[in-house]
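Chain and residue survey
Below are the chains, spelled out letter by letter.
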Amino acid sequence: MIKAMKLQKALIAIILGVLALVAYLIMDANDVSWSRYVLEASGLFLMLGALLFLYPILFARKDKEGCVELDPEAPLAETPDSQGKF
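Residues numbered from 1 in each chain as written. Predicted model: local features only at pLDDT ≥ 70, side-chain atom pairs only at ≥ 80, totals over all residues. Heavy atoms only, no water.

Some thoughts on the overall build of the protein
- Each helix and strand counted, the protein has three helices and two strands in total.
- N-terminal to C-terminal, the α/β element order of the protein is α-α-α-β-β.
- Looking at the protein as a whole, 19% of its 86 residues are labelled buried.
- Taking all contacts inside the protein whose residues are at least 6 apart in sequence as the whole, residues at least 24 apart take part in 47%.
- Just so you have it, the protein exposes about 6700 Å², and 68% of that area is on carbon and sulfur atoms. (Helix = DSSP H or I, 4+ residues; strand = E, 2+ residues; numbered from the N terminus. Buried < 20%, exposed > 50% of the residue type's maximum accessible area, 1.4 Å probe, protein only. Contact = heavy atoms within 4.5 Å. Areas by Shrake-Rupley, 256 points an atom, 1.4 Å probe, with all protein chains shown as cover.)

This is the structure in structure tokens:
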């Protein structure tokens, strides 16, 4: 499902953010002076991942009835009204 909705990049960004947060906690416990920059990178990765998770919602397609199709690869469903039949 994640591959179908093109969320691999978002998932990778979230994982990198969590790994950077763990690295910050380890570095802070050892009193490394530049651990703050790792924390900033972690926050940036987490925010980027959150924005990338919005991609399917922002670029979802609507059919004639106004229903939203979240899978960008799937063809739009044909409705009876679109074929001229009732």
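Quick word on a nonpolar patch on the surface
- Together, L11, I12, I15, L16, L19, F45, L48 and F53 give the surface a local cluster of nonpolar side chains, amounting to about 680 Å² of exposed area.
- Contributing elements (two or more residues each) for the nonpolar patch: α1 (8-29) and α2 (35-53). (Patch = residues over 30% accessible without salt bridge, like charges linked within 9 Å, V, L, I, M, F, W, Y side chains within 5 Å. Salt bridge = Lys/Arg side-chain N within 4 Å of Asp/Glu carboxyl O.)

Observations regarding the packing of α1 against α2
- Where α1 meets α2, the axes come as close as 8 Å, and the angle between the chain directions of the two elements is 160 degrees. As judged from the angle between their axes, α1 and α2 are roughly antiparallel. Between α1 and α2 lies a crossing of left-handed hand.
- Looking at the contact of α1 with α2, its residues break down into 19 nonpolar, four polar and three charged. (Axes fitted to C-alpha atoms, helices over the stretch in contact; angles between N-to-C directions. Parallel < 35°, antiparallel > 145°, perpendicular 65-115°, else oblique. Left-handed = near helix turned anticlockwise from the far one by under 90°. Nonpolar A, V, L, I, M, F, W, Y, C, P; charged D, E, K, R; others polar.)

Considering α2
- In this model, α2 (19 residues) spans 27 Å end to end at C-alpha, consistent with the 27 Å of a helix rising 1.5 Å per residue.
- Listed as buried for α2 are S35, V38, S42 and G49. Viewed along the axis of α2, the buried residues span an arc of 50 degrees, placing them on a single side of the element. In α2, those exposed residues whose orientation departs by more than 90 degrees from the buried face are L44, M47 and L51.
- In the core, the buried residues of α2 are packed alongside α1. (Expected span 1.5 Å × (residues − 1). Arc of directions from axis to C-beta.)

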